[in-house]
Amino acid sequence: MYMDVVVIAGIATVLLMIGFFVGVGIFVMKDQKSHGAKGGKHHQGGHGS
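Residues numbered from 1 in each chain as written. Predicted model: local features only at pLDDT ≥ 70, side-chain atom pairs only at ≥ 80, totals over all residues. Heavy atoms only, no water.

J.: Even after reading the chapter, I still don't get the overall build of the protein, so can you show me in this structure?
T.: The secondary structure content of the protein amounts to two helices and zero strands. Evaluated residue by residue, the protein yields a buried proportion of 0% over its 49 residues. If you sum the accessible surface of the protein, you get close to 4700 Å²; carbon and sulfur atoms cover 72% of it. (Helix = DSSP H or I, 4+ residues; strand = E, 2+ residues; numbered from the N terminus. Buried < 20%, exposed > 50% of the residue type's maximum accessible area, 1.4 Å probe, protein only. Areas by Shrake-Rupley, 256 points an atom, 1.4 Å probe, with all protein chains shown as cover.)

Here you go:
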């Protein structure tokens, strides 16, 4: 397979995007665990009627 600079840059871009989204997902999961009580109380308070 012929690998020129554009192909290498495209593969690197895709890998960086995947790494970014995995990192954001891990951050969100850790943040939900540490702030779980606040989010649950805030969500339940809206449907009182």
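J.: For this particular structure, what's the right way to read a nonpolar patch on the surface?
T.: On the surface, M3, I8, I11, V14, L15, I18, V22, I26 and M29 cluster together into a nonpolar patch covering about 830 Å² of accessible area. If you trace the backbone, M3 turns up in the segment before helix 1 (5–34). Taking relative accessible area as the criterion, M3 reaches 41% and is therefore assigned partly exposed. (Patch = residues over 30% accessible without salt bridge, like charges linked within 9 Å, V, L, I, M, F, W, Y side chains within 5 Å. Salt bridge = Lys/Arg side-chain N within 4 Å of Asp/Glu carboxyl O.)

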